[in-house]
Amino acid sequence: NAGVTQTPKFRILKIGQSMTLQCAQDMNHNYMYWYRQDPGMGLKLIYYSVGAGITDKGEVPNGYNVSRSTTEDFPLRLELAAPSQTSVYFCASGNRVGETQYFGPGTRLLVL
Amino acid sequence: QKEVEQNSGPLSVPEGAIASLNCTYSDRGSQSFFWYRQYSGKSPELIMFIYSNGDKEDGRFTAQLNKASQYVSLLIRDSQPSDSATYLCAVNGNRGSTLGRLYFGRGTQLTVWP
């Protein structure tokens, strides 16, 4: 099992550019999540999904979009990148409500 | 708004000592509690979870839960320099739109010095 994988590991964007952060899991988990982590801060939930075709907003969804067409994949789309979106992005997945979430290695994004 | 508060740290202990990490939460209905360890530049990894009041031990780690006081802690016995990391407390959402979500504290940075 590869677990949760994320690509790319690191990216520099110019203000106004767009990109998609990829996330995939091979554990057949229904629940998937996108978090961002700023220095010295905890994890803030951006979007999450409870199954294919179902997504919902978290605490900080503005400037992002997601889709979940398959159980395995949960891409995060940034439109019109802004310096405030400079952060480390983690994707996670989980099997059941209230149980452990497993994290991917993260994507470090710098918007200049 | 779910709140999870951790002692601000940083916490510094000598090798071999007991490190005590604390966390309080606001949602009395929360049922699942997690401690994640995060090394600098890495992703969070689960080290303990606890669902019931009392203590749960796993090797050098003990998680303690007191739902009446809305308090969960992590004790690390015989601390090692390799335990130096940030420890994140997480609490589950219990109802409605929060179901399936975890709420994280800001983390406590622990340094174990030789």
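Residues numbered from 1 in each chain as written. Chains lettered and ligands numbered in written order. Predicted model: local features only at pLDDT ≥ 70, side-chain atom pairs only at ≥ 80, totals over all residues. Heavy atoms only, no water.

**A look at the interface of chain A and chain B**
Argument step 1. Counting residues at the interface gives 23 residues for chain A, matched by 22 residues for chain B.
Argument step 2. Between chain A and chain B the total buried area reaches about 1,700 Å² when both faces are included, carbon and sulfur atoms providing 55% of it.
Argument step 3. Here chain A and chain B share 0 salt bridges between them.
Argument step 4. Secondary-structure elements contributing two or more residues to the side of chain A that touches chain B are β4 (31-37), β5 (43-51) and β10 (101-103) of chain A.
Argument step 5. When its residues are assigned to classes, the side of chain A that touches chain B shows 11 nonpolar, 8 polar and 4 charged. (Contact = heavy atoms within 4.5 Å. Buried area = accessible area lost by both parts, 1.4 Å probe. Salt bridge = Lys/Arg side-chain N within 4 Å of Asp/Glu carboxyl O. Helix = DSSP H or I, 4+ residues; strand = E, 2+ residues; numbered from the N terminus. Nonpolar A, V, L, I, M, F, W, Y, C, P; charged D, E, K, R; others polar.)

**Some words on the sheet that holds strand β1 (residues 4-7) of chain A**
Residues and elements named next belong to chain A.
Argument step 1. Spatial ordering of the open sheet is given by β1-β3-β8-β7, a layout of 4 strands whose pairing is antiparallel. Of all strands in the sheet, those with a lone pairing partner are β1 and β7 (64-66), marking the two edges. Here the average twist between neighbouring strands, direction ignored, is 20 degrees.
Argument step 2. Here 3 bridges tie strand β3 (residues 19-25) to strand β8 (residues 76-78), and the two strands are oriented antiparallel to one another. When the sheet's bridge partners are listed, Thr20 is paired in β8 with Arg77. (Pairing = 2+ DSSP bridges. Axes fitted to C-alpha atoms, helices over the stretch in contact; angles between N-to-C directions.)

**Let's talk about the nonpolar core**
Argument step 1. Grouped together as the largest cluster of nonpolar side chains are 24 residues, with contacts concentrated most on Trp35(B), Val72(B), Leu74(B), Ile76(B) and Tyr87(B).
Argument step 2. Sorting the residues of this core by element identifies β3 (19-25), β4 (33-38), β5 (45-50), β7 (61-66), β8 (71-76), β9 (85-92) and β11 (108-113) of chain B as the ones contributing at least two each.
Argument step 3. With 19 residues, the next largest nonpolar core counts Met19(A), Leu21(A), Tyr47(A) and Ala81(A) among its residues. (Core = buried A, V, L, I, M, F, W, Y, C linked by side-chain atoms within 4.5 Å. Buried < 20%, exposed > 50% of the residue type's maximum accessible area, 1.4 Å probe, protein only.)

**A look at the sheet that holds β8(B)**
All names here are of chain B.
Argument step 1. The strand order across the open sheet built from 5 strands is β1-β3-β8-β7-β6, with neighbouring strands paired in antiparallel fashion. With one partner strand each, in any of the chains shown, β1 (4-6) and β6 (54-58) form the two edges of the open sheet. Recorded for the sheet is a direction-independent mean angle of 20 degrees between the axes of neighbouring strands.
Argument step 2. In this sheet, β8 lies alongside β3 in antiparallel orientation, the contact comprising 6 bridges. Within β8, the residue paired with Ala19 across the bridge is Ile76.

**Here's the deal with unusual backbone geometry**
Argument step 1. Backbone torsion omega between Thr7(A) and Pro8(A) reads -5 degrees, so that peptide bond is classified as cis.
Argument step 2. In this structure, Pro8(A) sits in the loop between β1 and β2 (10-13).
Argument step 3. Phi is positive for Leu80(A), which is not a glycine, with a value near 55 degrees.
Argument step 4. Its location among the elements puts Leu80(A) in the loop between β8 and β9 (87-94).
Argument step 5. The phi dihedral of Asp78(B) is positive, around 50 degrees, even though this residue is not glycine.
Argument step 6. Among the secondary structure elements, Asp78(B) is positioned in the loop between β8 and β9.

**As for the state of the cysteines**
Argument step 1. The tally for this structure, following the rule as stated, stands at 2 disulfides over all chains.
Argument step 2. One disulfide in the model links Cys23(A) with Cys91(A); its S-S distance is 1.8 Å. Taking the torsion about the sulfur-sulfur bond, which here is approximately -70 degrees, the covalent link between Cys23(A) and Cys91(A) counts as left-handed. Highlighted residues: Cys23(A) in strand β3 and Cys91(A) in strand β9, separated in sequence by 68 residues. Across the pair, Cys91(A) and Cys23(A) agree in class, each one buried.
Argument step 3. Note on cysteine connectivity: Cys23(B) is disulfide-linked to Cys89(B), with sulfurs 2.0 Å apart. As the torsion about the S-S bond is roughly -75 degrees, the Cys23(B)-Cys89(B) disulfide counts as left-handed. Taken together, the positions of Cys23(B) in strand β3 and Cys89(B) in strand β9 put the pair 66 residues apart, joining distant regions of the chain.
Argument step 4. Residue class for Cys23(B) comes out buried when judged on its relative accessible area of 1%. (Disulfide = S-S within 2.5 Å.)

None of this, on its own, says anything about what the molecule does.
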